[in-house]
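What follows is each chain in one-letter form.
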Amino acid sequence: MTLALTSLSKTYPGRHGSSVQAVRSLDLRMDKGEIVALLGSSGCGKTSTLRMIAGFESVTDGGITLAGRRIETLTPDRRRVAMAFEGYALYPPLTIEENIGFGLTARGLDRNEAAKRVREMADMLEIGPILKGRPAGLSGGQQQRASLARALARDADLHLLDEPMGQLEPQLRAILRGRVKAALKARGLTAVLVTHDQTEANAMADRIAVMEAGVLQQYGAPSELRDRPANLLVATFLGEPPMNALPATVEPHGLHIDDVAEDALALPGVALPAVGSKVVLGIRPHRLHLGAGVWRGQVISNQWLGDQAHVVLALGSRIVVAVAHQRVPVRVGETVPLGFGAEHAHLFDAASGRALAHGTASA
Ligand SMILES: Nc1ncnc2c1ncn2[C@@H]1O[C@H](COP(=O)(O)OP(=O)(O)O)[C@@H](O)[C@H]1O
Ligand SMILES: [Mg+2]
């Protein structure tokens, strides 16, 4: 284990004597050489967590252990952590080359090695041509890559990357995330990647920690989060379009979907809680099939997105989305049968959102 966060908490003083609890009792452990993504919506506490690890923000409570050392009270320069900041934080008077190479020789690389490292990082991130420029003359995307290059150029026990590709165009981002991941792995570096982009987290991370409102919701491999989400929040946050979530009540012969006038649904292989329990049934859009099944839905829209069809339907007073990988010949207003395999069902407790059961097949 390389990094351990133990009951880490951050409270900021707010206005009029109030306070903001940005991070709440966060426990997280990662191994040497791992890439972990902190994933969550804006304001969920990702940056606060990174800044506490790097030492730019004090911890309100809890501990941080890195490579066997307690570091939470050390000054940033003594933590052996490299960080790419959300706001880039480049030094304006220095060229991009000097920014990327800043401190490398002071930290033990000789001049040739340092120059070679700067060139490698710049080539990888496609900023070679702007090495002689200064930050003020560059676009946000170029400054962001310079900031990322500076962090990656350093040797450190831990690399912290705060939304490192948020300003880049989708095509470039897709190329660079593959290269950055390969570079981290080739050097055996340990990294925490902060992102609100689930594609980036899935593509780059060995494990993902999903946060919401300062609280860790689930921590695991991307496939684990997708197949066995711990709660409704993780279930609906990961996956596009989001998982369909239908409030339902457990009856003696299966599940009755609230506000949908159909017979109770038998879910073979899914352990149902006690009769009368209020639950939420979760089905991913690409597991909902049109043309056969126990439900009748009325088509609200049918859109072809170039490589997949998104069909929105009214099911009683509920709305569901079905995704198909070929065009679906249904018209708006038409009533069509639809259904799903019980092996793809997920069940959540209606009150707490906690997962109760997952079908036997993956997501
Ligand atoms: N310096 C600060 N002072 C007061 N509140 C802050 C400060 N920094 C962040 N916050 C608040 O803490 C919460 C978490 O912020 P942040 O860690 O930046 O989230 P994220 O990076 O996930 O968007 C937000 O409600 C934010 O407004
Ligand atoms: Mg942030």
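Residues numbered from 1 in each chain as written. Chains lettered and ligands numbered in written order. Predicted model: local features only at pLDDT ≥ 70, side-chain atom pairs only at ≥ 80, totals over all residues. Heavy atoms only, no water.

Trainee: Hey, could you go over the sheet that holds strand S17 (residues 335–339) for me, with residue numbers and the actual values?
Mentor: Here four strands make up an open sheet; going across it, the order is S16-S15-S14-S17 and the pairing antiparallel. Only two strands of the sheet have a single neighbouring strand rather than two, namely strand S16 (318–324) and S17. Neighbouring strand axes in the sheet, compared pairwise and without regard to direction, differ in orientation by 50° on average. (Pairing = 2+ DSSP bridges. Helix = DSSP H or I, 4+ residues; strand = E, 2+ residues; numbered from the N terminus. Axes fitted to C-alpha atoms, helices over the stretch in contact; angles between N-to-C directions.)

Trainee: Tell me about the sheet that holds strand S11 (residues 244–251), and please be specific about residues and values.
Mentor: Spatially, five strands are ordered S12-S11-S13-S18-S19 in an open sheet, and the strand pairing comes out antiparallel. A strand with exactly one partner marks an edge of an open sheet, and here the two such strands are strand S12 (254–257) and strand S19 (355–358). On average, each strand axis in the sheet is tilted by 35° relative to the strand beside it, whichever way the strands run.

Trainee: Pulling in residues and values, what's your account of the site of ligand 1?
Mentor: Looking at ligand 1, the residues that line it are Tyr12, Val20, Ala22, Ser41, Ser42, Gly43, Cys44, Gly45, Lys46, Thr47 and Ser48. Glycine 45 is positioned with one of its backbone polar atoms (N or O) 3.1 Å from an oxygen atom of ligand 1. Sorting the residues of the shell around ligand 1 by element identifies strand S2 (19–30) and helix H1 (46–54) as the ones contributing at least two each. By residue number, the principal contributor to the shell around ligand 1 is H1, which donates three residues. A class-by-class count of the residues in the shell around ligand 1 yields four nonpolar, six polar and one charged. (Near = heavy atom within 4 Å. Polar contact = N/O pair within 3.5 Å; in protein donor to acceptor, adjacent residues only side chain to side chain. Nonpolar A, V, L, I, M, F, W, Y, C, P; charged D, E, K, R; others polar.)

Trainee: Describe the environment of leucine 305, naming the residues involved and giving the relevant values.
Mentor: Mapping leucine 305 onto the fold places it in the loop between strand S14 (289–304) and strand S15 (309–315). Looking at leucine 305, the relative accessible area reads 47%, which means it is partly exposed. In this structure the C-alpha to C-alpha distance between leucine 305 and alanine 201, which are 104 residues apart in sequence, comes to 24 Å. (Buried < 20%, exposed > 50% of the residue type's maximum accessible area, 1.4 Å probe, protein only.)

Trainee: Tell me about unusual backbone geometry, and name the residues and values.
Mentor: Backbone torsion omega between glutamate 240 and proline 241 reads -10°, so that peptide bond is classified as cis. The backbone of serine 7 sits at a positive phi, close to 45°, despite the residue not being glycine. Structurally, serine 7 is set in strand S1 (residues 3–13). Residue class for serine 7 comes out partly exposed when judged on its relative accessible area of 31%. Of note, the phi angle at aspartate 259 is positive, near 65°, even though the residue is not glycine. Counting through the fold element by element, aspartate 259 comes out in the loop between S12 and strand S13 (278–283).

Trainee: How would you summarise the environment of glutamate 113 if you had to cite specific residues and measurements?
Mentor: By the secondary structure assignment, glutamate 113 is in helix H3 (residues 111–124). As for glutamate 113 and serine 19, which are separated by 94 residues in sequence, their C-alpha atoms are 47 Å apart.

Trainee: Lay out the packing of H3 against helix H4 (residues 140–153) with the relevant residues and their values.
Mentor: Two elements in contact, H3 and H4, have axes separated by 9 Å at closest approach and are oriented at 135°. In terms of orientation, H3 lies oblique with respect to H4. Read as a crossing pair, H3 and H4 show a hand that is right-handed. Contacts from Arg117, Met121 and Met124 of H3 reach H4 at Ala149, Leu152 and Ala153. (Parallel < 35°, antiparallel > 145°, perpendicular 65-115°, else oblique. Left-handed = near helix turned anticlockwise from the far one by under 90°. Contact = heavy atoms within 4.5 Å.)

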